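Structure at a glance
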Amino acid sequence: MSSLVPLFTLETATRKVRLAEDGWNSRDPERVSLVYTPDSRWRNRAEFINGRAEIVAFLTRKWAKELDYRLIKEIWAFTDNRIAVRFAYEWHDDSGNWFRSYGNENWEFDATGLMQRRFACINDLPIRETQRKYHWPLGRRPDDHPGLTELGL
């Protein structure tokens, strides 16, 4: 397989997106933080996050609130060391209210393939539990599960 470092090809950018999805679906903040540079900078909604320690703290808070989190990412565009992604994830709060959160991310990578910048715009849509589309067991999305395009999202 090709290297997952810039300059990206369609194959390597698509693989990078799937690996990111798999990592986030692990809901393991420490594991996820290792794909970012030690000084990585994020904007997530209206929150600004700097470095791995803040990434771990942010993801720990996120997954304590967003229960039964399941995510699908899809490549939108790519160039040399940047990838644009669209995504949707489903989760519920501690009162059993379900949501589907939609968004876009812009990623920038260093020469070693670690993400150094992540800019995310996200909107939450309340849904009924019966409207859920993601029903796989917690963890990695199965390879045969439809993606965003196939689900009409």
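What you see is a predicted model, and the numbers here were worked out from it, not measured in a lab.

**Let's talk about helix H3 (residues 51-65)**
For H3, spanning 15 residues, the distance from its first C-alpha to its last is 22 Å, which sits close to the expected 21 Å at 1.5 Å a residue. For H3, the secondary structure elements touched by its buried residues are helix H1 (10-26), helix H2 (29-33), strand E1 (36-44), strand E2 (47-50), strand E3 (67-79) and strand E4 (82-92).

**Some remarks on the pattern of salt bridges**
For the structure on display, the rule yields 15 salt bridges. In this structure, Asp22 engages Arg18 in a salt bridge whose closest nitrogen and oxygen atoms are separated by 2.9 Å. Here Asp22 pairs with Arg18, and both are found in helix H1, just 4 residues apart, close to one helical turn. What makes Arg18 buried here is its relative accessible area of 14%. When salt bridges that share partners are traced, they join Arg18, Glu21, Asp22, Arg140, Arg141 and Asp143 into one network.

**Side note on H1**
Along its 17 residues, H1 runs 25 Å from first to last C-alpha, staying within 8% of the 24 Å computed at 1.5 Å per residue. Those residues of H1 lying buried are Thr12, Ala13, Lys16, Val17, Arg18, Ala20, Glu21, Asp22, Gly23, Trp24 and Asn25.

**Observations concerning the packing of aromatic side chains**
On inspection of all chains with the given rule, the structure shows 11 aromatic pairs. With 5.6 Å between their ring centres and 65 degrees between their planes, Trp63 and Tyr69 make a pair best called edge-to-face. Its relative accessible area of 10% is what places Trp63 among the buried residues. Consider the rings of Phe87 and Tyr89, whose centres lie 6.1 Å apart with planes at 15 degrees: the pair is stacked. With a relative accessible area of 1%, Tyr89 lands in the buried category. Through a chain of ring-to-ring contacts, three or more aromatic side chains come together here, namely Trp24, Tyr36, Trp42, Phe58, Trp63, Tyr69, Phe87 and Tyr89.

**A closer look at the side chain of His145**
Locating His145 in the fold gives a position in the segment after strand E6 (115-127). Excluding residues that lie within four positions of it along the chain, His145 makes contacts with Ile72, Lys133, Tyr134, His135, Trp136 and Leu151.

Rules and cut-offs
- Residues numbered from 1 in each chain as written.
- Predicted model: local features only at pLDDT ≥ 70, side-chain atom pairs only at ≥ 80, totals over all residues.
- Heavy atoms only, no water.
- Helix = DSSP H or I, 4+ residues; strand = E, 2+ residues; numbered from the N terminus.
- Expected span 1.5 Å × (residues − 1).
- Contact = heavy atoms within 4.5 Å.
- Salt bridge = Lys/Arg side-chain N within 4 Å of Asp/Glu carboxyl O.
- Buried < 20%, exposed > 50% of the residue type's maximum accessible area, 1.4 Å probe, protein only.
- Phe/Tyr/Trp six-rings, centres within 6.5 Å; stacked < 30°, edge-to-face > 60°.

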